[in-house]
Every structure is written in structure tokens, then in C-alpha cells.
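A closer look at the structure
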There are 4 protein chains.
Amino acid sequence: MQIDSDRSLQLQAQLTSFMDSYVYPAEHVYHAFTDAAEDRWTIPPIMEELKDKARQAGLWNLWRPSTLGGRLTNREYAPLAEIMGRSLIGPEVFNCNAPDTGNMEVLLKYGTPEQQAEWLEPLFNGEIRSAFCMTEPDVASSDATNIQSSIVRDGDHYVINGRKWWSTGAPDPRCSIYIFMGKTDPSAARHQQQSMILIPANTEGVKMVRPMRVFGSDDAPHGHAEITFENVRVPASNLLLGEGRGFEIAQGRLGPGRIHHCMRLIGCAQRALEMMCQRSASRTAFGKPLSEQGSVREDIAKSWCEISQARLLTLEAAAAVDELGAKGARGLIGGIKIVAPMMAQTVIDRAIQIHGAMGVSQDTFLADAWAYARSIRLADGPDQVHMASLGKQLIGQYAND
Amino acid sequence: MQIDSDRSLQLQAQLTSFMDSYVYPAEHVYHAFTDAAEDRWTIPPIMEELKDKARQAGLWNLWRPSTLGGRLTNREYAPLAEIMGRSLIGPEVFNCNAPDTGNMEVLLKYGTPEQQAEWLEPLFNGEIRSAFCMTEPDVASSDATNIQSSIVRDGDHYVINGRKWWSTGAPDPRCSIYIFMGKTDPSAARHQQQSMILIPANTEGVKMVRPMRVFGSDDAPHGHAEITFENVRVPASNLLLGEGRGFEIAQGRLGPGRIHHCMRLIGCAQRALEMMCQRSASRTAFGKPLSEQGSVREDIAKSWCEISQARLLTLEAAAAVDELGAKGARGLIGGIKIVAPMMAQTVIDRAIQIHGAMGVSQDTFLADAWAYARSIRLADGPDQVHMASLGKQLIGQYAND
Amino acid sequence: MQIDSDRSLQLQAQLTSFMDSYVYPAEHVYHAFTDAAEDRWTIPPIMEELKDKARQAGLWNLWRPSTLGGRLTNREYAPLAEIMGRSLIGPEVFNCNAPDTGNMEVLLKYGTPEQQAEWLEPLFNGEIRSAFCMTEPDVASSDATNIQSSIVRDGDHYVINGRKWWSTGAPDPRCSIYIFMGKTDPSAARHQQQSMILIPANTEGVKMVRPMRVFGSDDAPHGHAEITFENVRVPASNLLLGEGRGFEIAQGRLGPGRIHHCMRLIGCAQRALEMMCQRSASRTAFGKPLSEQGSVREDIAKSWCEISQARLLTLEAAAAVDELGAKGARGLIGGIKIVAPMMAQTVIDRAIQIHGAMGVSQDTFLADAWAYARSIRLADGPDQVHMASLGKQLIGQYAND
Amino acid sequence: MQIDSDRSLQLQAQLTSFMDSYVYPAEHVYHAFTDAAEDRWTIPPIMEELKDKARQAGLWNLWRPSTLGGRLTNREYAPLAEIMGRSLIGPEVFNCNAPDTGNMEVLLKYGTPEQQAEWLEPLFNGEIRSAFCMTEPDVASSDATNIQSSIVRDGDHYVINGRKWWSTGAPDPRCSIYIFMGKTDPSAARHQQQSMILIPANTEGVKMVRPMRVFGSDDAPHGHAEITFENVRVPASNLLLGEGRGFEIAQGRLGPGRIHHCMRLIGCAQRALEMMCQRSASRTAFGKPLSEQGSVREDIAKSWCEISQARLLTLEAAAAVDELGAKGARGLIGGIKIVAPMMAQTVIDRAIQIHGAMGVSQDTFLADAWAYARSIRLADGPDQVHMASLGKQLIGQYAND
């Protein structure tokens, strides 16, 4: 009996109804537009229509935590993120998609009033979009000390050089601002070398090299970019928080971001489960509906158990962030980052198998959802890094009892 | 942030302290007594000492649900069952062990005042013990219609014939009463053929054939018996609830029983996790403490994630029983029965591996705990039966959305 | 010590050298051409260059079994298929790619001299390509009795109606001929309803509906098509073998085809293993090369064990086909179809993880190879069908001992 | 098509027939004797009868490799070890059981003529038995440098002190000789500190502390002992090979020993598979034979695939030892040590599940076979050690290609 607040329950009902009425039916329209577009990096008009509807319904910026001026706690928001996450185009409809939520959070927490006026407002309004330029091609970026990009002070400006990839959302034609991580002082202490800085997308020296593909899909029109920064010059006032504070900002950004990803993935897995049930009830092979075949029922039962458990752990992590802060909830956040993406990958793989060849194709959301789950096992630190860290923490906790 | 009531939290603290002070230190004494005993089926005196202490501390019969005159809800009791379950000799200390709790529950719910006076009172007091005679050697007993034992009315008596095995606790010298399941009318409707009846252990015609062993262990002095019933005659008033109500009683008995088993197994797994941490911190191989080896940390992290998730699902199931009754909570109860034993088996297997040869031996509780987990994957319905049933239920639920 | 013939060993060495010199270096050229092409369904010129080289080197049509006029047994060919399969563009270079090999085999075995002259010769020469139109969108095609397409005799012609998808290679501009499966007599016995017929790609009424995508990738310029056949009329002499023989032809086609797929996947997995080793030796995270991290070493060791075992089983299956025919080797062929794709999927997934974000991108062959492995778990019968069939066969074999 | 020699094939047929006629029927007699014996450490008379029969049939000492005066290669012997291993009492019947085979091999290779006359002869004849005292309770013995026992020269004698456990076969009343590993020079180079020495079981200062139990089973009358050695004095001529050669002897001993264990475990798994088939054909639940249930068929199919693959890899390893020696076959031996015990554990666990409660009991060989498989995952180096070592070797091999 998960304890949801009335406020959250009411929003869950509203969101579910909105998804049924508008978002699921729009998926096909959205993808058909992109597939037929001369330039795949064009925003399907239906997206702005959906956003308008969501704004009017008051289902806008729900991600914003009450500690930062929003309406909801992380615990209240988590089930909402699950519902939006059931469609890969869902979160943007409600202005709740990555990486914009994380970037808005950074600006909310660490931005100057000027930075907020210029970039946060239009992000809040869904007028522009943003990217987070952290991962680099040549190093293991899960270890922030490996970062090679440089941010060098030059009078009233900073000059930025570096190569980033997997900058999600950067190819989106509406993307106007990057939060960029680089080193201001490679000789400082391990976690004080890095800084973050705002780089407008149209600054000279910024070059979009290519879209990255994920298992063959370019995820247009949102996508993931490889970008080079060559002597990119921005005003010194674009620096966030201060020199050497980049690692600290990254840490603060990642906690809620991971919970949001996990909840969305739970939404994907839950939808895949429901699709398995529907498919197995409607499909017959060798004279018997799939729904009566033992291995199908086992796959469905196992999936439900895995989803239900991952959901409960993620809700627990969200509540812990509310209560203890991201740092105090570190173990639980690591736990869900290990659990939820792998769970979603497994459940969706089973759903693909039950859908036959259609499951790997463009005709369901399963292939894209699978690729999303698979990617998150690498994004924000690969599984192995989180397991090593959690294992170490637990040994420290129990070994001296 | 699992929401425990103050009452439950206080009892958790008391129990944890009692376990630390008395139960863990008694494990070795208990087993050493049995191993040295001339007759392994003798109760180690320390058990009655521990029971006295628990009675005095007010930690007695905590399993009894508030709906049946007890102090606690299922949700409040669940974390207590986990704590007691951390030792295989723990639950009996608090008069909370299987199968006595289930049998007391049956007598509470369905017993006549006379039956309760004669058998329930001494069970409540921990003076006698009981067994549940359901499983039969020759048929798949998870399907109750397969039961072959007969209960035949003969004037003021019933005459019982049949062969049962895996009657847990029956070899215990204090075991005085059996709840026996058989068919009163094999020609009735599928689920109205079975009845339950009380058979005192010392009735003529009852013959203890042998103790069953679980992976080589006889689990003395408690154990599991194979028993034959040959023209066993008991008064008609020993029948429970009425002819043809056996299946109904069995169903009512199994819900809370499964939750209790699952919580105990979560306790076993949690203790195994803590042992892994301690072992890995103290053991060195190839020049490096185990605690610094990547695969050890991963095993520990994975185990913690699996335990935490299973615990949350089990608490959810307990709360659902409180709120919806065992029938309404059917899906969740099936879910934890699938999840918790397999999880415990896996976690304990990892702990064994980290303990090396000691892990399979009599020198830790791991081998016995593993065997307990493995057995529960078969007891009260094998995993496959629960998965098939839950899968079918989910298909029915989602296929028509 | 696998026993390879001298002939096979010599060809293995030649192929390995050819792959190193020409094929691996061409992968990037090939994909860059397709990505830059105005029409993605254009053949990169380098492919014909590679084919010329292979022809001149005598590494051409090696798949053709000695029983059908070729040089090699299935057992001798199997390690060669593994080597070619290490590159996704490899098999075509040697005229050994699916579905052409299977289609050529069908024409060799069942084609009339006229059919062979018209279609087999240019296929042998690599001048045209072919597709196999079997799978249908609306039914579980792994159960051939579900086929809905019709082939109706009309005087000297047959008239074909139906919808097929996943016709691999059909979008290739060189694809000239389809082998099409449909029902000539839906009222005949279960396995005599189906027939196969040759349909030239340019016949009126054939309509390419769209390319199917596999996890977002269109696999251009080879691809997989959805095709409709509307009153397509071909001469009666295009029928293969005779009315009602379609199921029989399908069965005969699938045995060697499955072995070839499995060997190619073993090649993919082996290459992924080698890439894991190289990556882990060159990449550092948290101050330590990946190659010294316990979980990386375990992943590599497990992968090697799984690959080695799958390879041996596949070689055994190939030898069994040589000795006993496809029917006699049914159990082993089912076994490798269950084992090899799942093994490859697992090993490649580990390699992806070790490669970080690069692993899911277009920058290595891993993402495409993973999608290939995943697809084969569905193609030619999903895993579940093969497990059910093998399980049944084994029960029959051992239950009566 | 595994290539077995005629000699091996003939012995396979003979052994299979012998097992059917004599060994399987004796299992119950053997265990019933032990269970009823006043002293469980008494040899059931049927064992010597079986040994006589085997001697007369020429099925004796088949393990002895042709390179050491025997009849068969390792590759020829491997399938024979599988057949004997199908019964846990099988190997001893043919004088092919651990640890005697390994000990005989050590004496054959490294023993002086005097040592051979005194100990090897009666071992060859099956008149006495032996133990291998290597593992110690307080350290990770998989790392031989951890060994703490001491062997100190004192004039014409060596004086031995130490504590060993898991000395398999030591409790057997016929066990007369121990091969003991300890350190002669703790200050020598890492792998030259250890020596091996012969200690007659009845030497003063040798004390059998207790039998170790494996998941509750004492494995009587063979068993595993904890033994203390307190100032045990033996003639200097009892040393094997020379001071500081202990590690070298251990390495030489372990290769074939691991292959033998793996083949026996494959025999256990194969028998479990056959039992699953038979059980599923004869058992009905919920109105349907288990044999028609999808998940049962899948379990059986998967098990067959896993067994078949492990068998092929083990035969490959045996052939590699014949061709390249134990050192050259190191990778393959590590591979099967990783694969076969885990495979057997998994397959037998499935068989247990299909057998229901009977599966965990003393009524089938499954529980004991499972415990054997589980133990071997720890014996002769835990899985993790072999994976780390194989992974490192593979990285070295492929990273520099």
C-alpha cells in the first residue's frame, strides 16, 4: 500500500487521463512526421499543441520540487514521472524531460538572477531547450577527474576548448543553451579542478560534428550530438557558482535526475508489461493462445514482480531525498540506478520476444524503450561504478558492527 | 522511507536487542546440544530458558493479528518477523514459529470453544506444539484436489486413513496435535471434497515412519516427518468448521503464513549480507582484502538491492492483507512467494561463496538458511504454480483494458 | 582439440588474412557511403570490389555443401562461416550471406533446370540477389499453418495475394527474385496446404510498402521489407517442387541456415570478446586500468566460456547434419538455435558495457551485432518454440528408458 | 559428433551396463546400511562386493593415464568418468574416486620406489584409502602462499604442525595415508615455501577433530575431516620430491583432478536431466502432465543445452591435456572449472524443483548431487579465482593483437 498524498493521487489521475486522450494517440503522428520530414531535425507541430494542452491543464513543470519553489515533493512527483515516462514523447509534453529538468534545477539552485532571467525563464516556459555537455569521447567520464575540456579565464571572458559527445537534445533546433563542464584548474585538488559554464548554442567556435546514434536510431528531432568547442569565448559572468565548483554542481544535479530516469523507465516497463498481457491474449500459436502458455505466464509474473519491487525502491529513494537530501540518500539512489535500468531492459526484452518480429521494429514503442533502458545503464555512471560504490559503502557500514 | 508505526518500531528495537543478547549466542549451544545428544529428538534446555525470557519481556505471540485479538497488524508484525527470522532458532523463542502460528490461527478462526480450550491454550502458552498434515508423497499436493487421504464418518467418529510427509514439527517430542487434511467426499465439487480434522499425536493408528531430511539435514529436534494414518479414529467433534470446508480453511491459512516465511527469509538474507560484509573486510587473498575486489563489492551491492526490494514488496503485501484481506491481496502474496525465497537462495549462495568452504559447513548459519530458502521455493506451492497463477491474473487484468 | 580438416584449416587461414586485409578496413567505408548517400538503398561500390577480390582468391560460394556439388562439408564450412561472420558486411563479400545461401540451396535441391538457369546461375555469380517471403504481419509465422497468403491456380498461371514482412534483402536494388510461401490448398492436411513459388521482383502487383527497422536501424542498403502482393500473376512453371510441398521445402531449408546464422553470431561474439580485452587494456577509470578490475575479468572469462561452448555445440550440429541429415540432427540444430543467439546477445551486451557510451553508438560494430543477435532469437522460430520442441523430444527419449 | 576411440566406446558400453546392473541398485542398500549403522563410519559391505565385480570385469583403475602406465588417454577416460559419476558411490567401485586418484597420480609421478611400494600398491589394489590435507580453516587456501602449517626438519625426521579441514576421505576407516602440504621455508620465494609429505594416518599427534558437514550431510562413511597435527614426526624419507616443491606438485595434481570432477558432475547433471524427463512424464498437476507444461519443457531443453556444451568443453580440455600437458591446457581447464560445477548446480536445482519436496529429501540422489556440485564451486579454487585468472590470461592474449 504505497502511501501517496492526495495531491499526488489527483495529479496521477489527471495525467493518466491526459496520456490516454492525447499523448498515446500522438505517438504515431509524431514519428510519422519525423520519418516523412525532409529534415529529420524539425519539431513535429503536434508537440507544441500537446504542450499547450498540458499548460492549460496545469500539468506543467511538475518536476519542480517544493524546496525550489514548486508544488510537489520528490516522493509526490515520482509516480507522476512514471506516468509521463510511459511514452517516450511524454515528458516533454509536460516540460518534464531530460536534460531540461536537470538544467533548470542547476539554474534554479546556482544561477544568478541575470542567468535565470535569460535562460531559466524561457526554459520554464518551454520556449527554448538546453543541453548538458559533460561526457567526452576519449575518457571514462564517469570519473570526473578524467575530463579534458578546458575553461580558461581571459580578461572578462572565458575561453573554452574541448570535444563533447552524447549531448542529449543539442541537435534539437530549439536548443539554445549548453551547460558545459570543463577544467579551470587541472592542478587543483581532484574535485576542485572542474567548473561549469553557460554557452549559448550559437556562439562562434561551437561546431555540431554529428548526431550520435543509439542502436541505429538518431532519436530525431531531439537526438544526441557530438560537438567541438574551439576557442569559444563567453563572458565571465556565464560561469556557474564559481571556479572549481563544477564537481559539486554535478553531484547535486545527479540525484533527482537519476530518480526521474528510473521512474520513467518503470513507466516504460509497466507499459511493456501491459502490452505483453494484451498481446498474449490476442495471439495464437500452435493451436493455443499465448496467454495459456506456461512460459508466457511466467514471463509476465516475473516482470510484474520485478517492476513492483523496483517501483517501491525508487519511491523509497525519492522519499529519502526529501528527508535526508541527495547526499543522505546516496545509497538508495545508487541502488535504484543499479536496479531500474536493468529491470526495464529485461522486462522490455521479454515483451519484445512475445511480440515476435514486430517487437524489434518501428511498429511499437518497445525497441526505442529498450534502447533507452540500455543507454541509462551507461549514462550517469555505468552499473559497475554504482555497484562498486554501493558495495564499498555497505562493507563500511556492516563490517564494523 | 518505510512507514512503521511507533508500536512496531519500539518492538523492533526490543527484539533486536533480545536477539543480540540472547538468541545469537544461544545458536551454538543449541546445535551443540543436539549434535551431542544421545537422542537427537530432544529439546535443548536452552530453548525453554529463552522462551521464558521472551515471555517476561512481553515478546510473545507477536504474530497474533489485531483482527484476531492480538496487538499488531500484519504490516506492524512483518518487520518483527524479519528480525526473529535472522536466526533459525529465533521464531520459536517468541512462540512465532511455523507451523504453530498457522495452526493457532486456524484454531482461532475456526475452532469451537472446546477445541480452543483443549489445543489453542497450550499452544498460545508454548507448552505443546503442533503439526500440519497436508502434503502427500504420491501426488502433487500443490493441487489440493489431488489429496488422497480419507476422512470417513462412522457414527460419532471419523476414521482417517492416509500417508503424509513433510509434516514439519511432528517429530518434536512436544508435538501433541495434528491438523490433518483429507477428503470426506471425493464425489463433491472440486473444492468441497476436502475437510480438516484434529488428530492428537498419540492416537492409535498414527505411525511416525521416518524423519525427512532436507539436503542431508534432519532439522532435529524439530524436523519433518513422514507419517502413516491407519484406521485412526477420532470423535466427530474434532472436525474443523464442517465437512467440505478444508480447502477454504487451507486458503485462509496460507496468506499470512506466506508473508511470515518471506519476512523470515528476508531476515536470513539480510544477516547473510552483513556476514558477507564482515567476511570480506577480514579476509585476504592474493594480497588484497576481499572487500577491495570488484566482484565482491558487486555481489554485496546486488544483494542489498535485491533484499531491499523484496522487503518493500513484502511489507506492501502485509499492508494489503490488513486492508483488503488475504483474498484481495492475492496478487501481492503470490508475488512475494515468487520473489523472496528465490532472492534469499541467491543472496545466501553468494554469502556461501564468499565464506569459502566454511560456508557450506556447520560452522555458520548459511548452509541451514540456504536449505530453508530452497525448501520454501517448494513449500506452500512451488514457484511455478504461483507464477502461472499470477501471470493468468495479470493477463485477465490488463488484456481487456 | 576440435578436429578440422586440412582443407578447412587452410581456408580458415586464407579467410582470416582476407578479413584482416580487406574486410575490416572496408567497414567504415561501406557505412560512410550509406550514411552520405542521397538514396540509402544504393550499394557502396566497395562491395563489388571486395567481391571481385574474393572471387579471385577462390573464397567464393564456400557455403555450397559437398552433397550439392560444393567443396566442403557443413562441418568444414562452419568455422569459415564464423570467420566471415565477424564482420556484418563479411558474408556477402564471399557470396555466403543470408538469405541468398538458403535460397540458392532451395533452387539447387528443388529447382527445375530452367529455374536454375534463370535464377540460380546469376545468384551463384553474385550478379543478382534474392529474398525469402515467408513471415506475415498478422499471424505467428513460426507456426506454418498460420500462413494466410494464397497461391491460386488460374490456367497456366498462379495468382498470388498476400502481405509479407521481414523479407530480408528485398529492398536491395539488386534483388531480383523472391521465393514466396503461401497456401495452395487451405483445406488440405496441416502440412500440405503450403506451396512455394518464384516471383520476379518486378512482377506487376508487387508493392514494396516500407523498409522495416530493427532497433531503429534500417540495415540499408540490404534491409528488410514489408511487401504486398496483389493479384500477382506468374507462370505455373514458377512453382517449386509441386503443390503442397512448401512446408517440406521450408524444413529442408532451415537446418543449414540455422547453423550458418549461429556460426556468424559466434564470430560476432568472438570479435566482441577480443574488443573487450583490447578496450579493457587501454582504458583507465578511477586510477586503475579496466583490465585489472575483477568484474571486467569475470565478464571476459565468462564470455570466453560461453563462446567456446556454443562453438563446440554448433560444430557438433554441423557434423551431425553431415552424418545424419537435417532431420536426424534436429535436436542439435534446435539446441544451437536456442544457445548461440542468446549467448551472442549476452556477450555483446557485456562488450557494450565495457565500451561505455561508444558501445551503443555507430562507432563500433557492437550495436549492429547486438541487434543481429537479438533478431535471430526471433527469426526462424523464437527461442520458446525451439525450447518447447526440444524439451518434448527429450522427454520422449528419456521418459521411457 | 564427438570422436571417441573404439577402446573408449567399448569401455563406455561396459561401464553403462555395469552401472545399470550393479551400481544404481546398490545405492539404496549402501545408504540404508549407513543410516542404520551404529557407527556411521563403517563401510557398507556391498562396496567391497561391487569392487570385486569391477576388478573382475577389468573396469579397474581406468583413470590411470597412458602417460603413467595406464591404458587410456585423458580424452578417452573423460566419458568413462562421466558414466561412473552418475552415481555418487560409482567412482569408488572402479577405484576411480577422489581424492585417491589424485593421490595415486602424485605417488606415481613423484614417489620414490619405496614410497610407491608402501602406499601406491595398496591404493592401486583398493585395499587402503588416502586423504589430501591441504585446505586450512583460517586462511584463503586457494592462494597457496597463505598456508600456515609447518614442516620442520629435525635430524632424520620432519616435524609437522598445523590444522587442516575438508580432508576428504580422512574419516573413512580404511584411510591410511595423508599427503600433507605445509611450509618448509616461509622465507623462500613465494612458490618455493611449500612442501608435501606423507603422513601415515595412525602417526602420533594426528587428531581427528570432527567430521565437516556439507549442507547438513556428513557424507559418511567417506566424509571430510578437520584434523590437527601436533608435533607429528615422520621420517625425512616421507618427503615428496624435495623441499620447496609442494606448489609444483599441487599444480601438477590439479589439472586432471579438475577434469575428473567436471566429468563426474556432468554425469550427475545428465542423470538429473533424465530424471526430470521421467518425472515430468509421470506426474500430473492441475489436470495436465508436467511434461506438457511449457516451463517444464523449457527447463529440460535448457538443461540439455547446458550439459551438452559443458561436456564438449570438458572433452576439449581433456584432449588439450593429452596434447599440450596440464600447463598448456591451463585456459581450458580453468574454463571447465568455471563452467561445469555451476552448470551442474543449476541443472540439478531445476530437477529438484520438478521433483517437488521429494527433490530436497533423501529419497533421490538429487540433494547429495547438488551439494557435491555446490562444493566443487569452492574446492580447488573458487569460481572467482578461476575467472580472474582466465580473464587476465585472455586480456594478455587479445589485447596486443
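Residues numbered from 1 in each chain as written. Chains lettered and ligands numbered in written order. Predicted model: local features only at pLDDT ≥ 70, side-chain atom pairs only at ≥ 80, totals over all residues.

Turning our eyes to something else, we now look at the relation of the copies chain B and chain A. With an RMSD of 0.1 Å, chain B superimposes on chain A once it is rotated by 180° and translated 0.0 Å along the axis. The superposition of one copy onto the other is thereby described by a two-fold rotation axis. Ranked by how close their C-alpha atoms come to the rotation axis, the residues of chain B are headed by B:Q309, at 2.5 Å. When the interface residues of chain B are mapped onto chain A, 100% of them are again interface residues, pointing to one common binding face. (Least-squares fit on C-alpha atoms with pLDDT ≥ 70 in both. Contact = placed C-beta atoms within 7 Å.)

Before going further, it helps to examine the relation of the copies chain C and chain B. It takes a turn of 180° to lay chain C on chain B, together with a shift of 0.0 Å along the axis; the resulting RMSD is 0.0 Å. Comparing contact sets, 100% of the residues at the interface of chain C also lie at the interface in chain B, consistent with an isologous, same-surface contact.

We now examine helix 8 (residues 294-328) of chain C. For the α-helix, the turn length of 3.6 residues means that residues three or four positions removed from each other point alike. Residue and element names in this part refer to chain C. With 35 residues, helix 8 extends only 44 Å from end C-alpha to end C-alpha; this falls clearly short of the ideal 51 Å at 1.5 Å per step. Its axis deflected by about 95° at D322, helix 8 carries its strongest bend there. Judged by how many residues are buried, helix 8 sits mostly within the fold: 30 of 35 residues are covered. (Helix = DSSP H or I, 4+ residues; strand = E, 2+ residues; numbered from the N terminus. Expected span 1.5 Å × (residues − 1). Bend = angle between axes of the 7 residues up to and from the residue. Buried ≥ 20, exposed ≤ 12 C-beta atoms within 10 Å, placed from the backbone.)

We now examine the domain arrangement of chain A. Residue and element names in this part refer to chain A. Segmenting chain A into domains produces domain 1 (6-99), domain 2 (129-245) and domain 3 (247-396). Placing the centre of domain 2 and that of domain 3 at their C-alpha centroids yields a distance of 29 Å. On the domain 3 side, the residues contacting the 12 residues of domain 2 number 10 residues. Looking at side-chain class alone, the side of domain 2 that touches domain 3 contains seven nonpolar, four polar and one charged residues. (Domains from an automatic or database assignment. Nonpolar A, V, L, I, M, F, W, Y, C, P; charged D, E, K, R; others polar.)

What follows concerns the interface of chain B and chain A. With 39 residues of chain B in contact, the opposing surface of chain A contributes 39 residues. In terms of residues, the side of chain B that touches chain A owes the most to one element, helix 8 (residues 294-328) of chain B, which gives 17 residues.

Helix packing for two helices is described by the angle between their axes and how far apart those axes are. Residue and element names in this part refer to chain B. Where helix 1 (residues 6-36) meets helix 3 (residues 74-85), the axes come as close as 9 Å, and the angle between the chain directions of the two elements is 10°. Between helix 1 and helix 3, the angle is such that the two are roughly parallel. Residues R7, S8, L11, Q12, L15, T16 and M19 of helix 1 touch helix 3, and the partners they reach there are E76, P79, L80, I83 and M84. Tallied by class, the residues present in the contact of helix 1 with helix 3 amount to seven nonpolar, three polar and two charged. (Axes fitted to C-alpha atoms, helices over the stretch in contact; angles between N-to-C directions. Parallel < 35°, antiparallel > 145°, perpendicular 65-115°, else oblique.)

Looking now at the pairing of strand 2 (residues 150-154) of chain B. Residues and elements named next belong to chain B. Summarising the sheet, strand 2 and strand 3 (residues 157-168) pair through five bridges and their orientation is antiparallel. For R153, the partnering residue across the bridge sits in strand 3 and is Y158. Hairpin connection, strand 2 to strand 3: the antiparallel pair is bridged by two residues, and G155 has positive phi, about 65°. (Pairing = 2+ DSSP bridges.)

Another point: the environment of B:K327. All names here are of chain B. With respect to the secondary-structure elements, K327 resides in helix 8. A residue is classified by how many C-beta atoms lie within 10 Å of it, and K327, with 11 of them, is exposed. It is 8.2 Å that separates the C-alpha atoms of K327 and G255, two residues lying 72 residues apart in sequence.

Residues and elements named next belong to chain A. Relative to strand 7 (residues 224-235), strand 3 (residues 157-168) runs antiparallel, the two being bridged by nine bridges. Bridge pairing links K164 to I227 in strand 7. Bridging between strand 6 (residues 206-211) and strand 7 involves five bridges; their strand directions are antiparallel. Looking across to strand 7, one finds that M208 is bridged to I227.

As a further point, take the nonpolar core. Most often, soluble globular proteins have nonpolar side chains that are buried together. Residues A:I348, B:I348, C:I348 and D:I348 are the most contacted members of the largest nonpolar core, which totals 508 residues. When neighbours within four sequence positions are excluded, B:I348 is seen to be in contact with B:C268, B:A269, B:A272, B:L366, B:A369, B:W370 and B:A373. (Core = buried A, V, L, I, M, F, W, Y, C linked by C-beta atoms within 7 Å.)

Turning next to the packing of helix 7 (residues 246-282) of chain B against helix 8 of chain B. All names here are of chain B. Closest axis-to-axis distance for the helix 7/helix 8 pair is 10 Å, and the angle between their directions is 160°. Comparing their axes, helix 8 and helix 7 come out roughly antiparallel. Judged by the sense of rotation from one axis to the other, the crossing of helix 7 with helix 8 is left-handed. Class assignment for the residues of the contact of helix 7 with helix 8 results in 18 nonpolar, six polar and two charged. (Left-handed = near helix turned anticlockwise from the far one by under 90°.)

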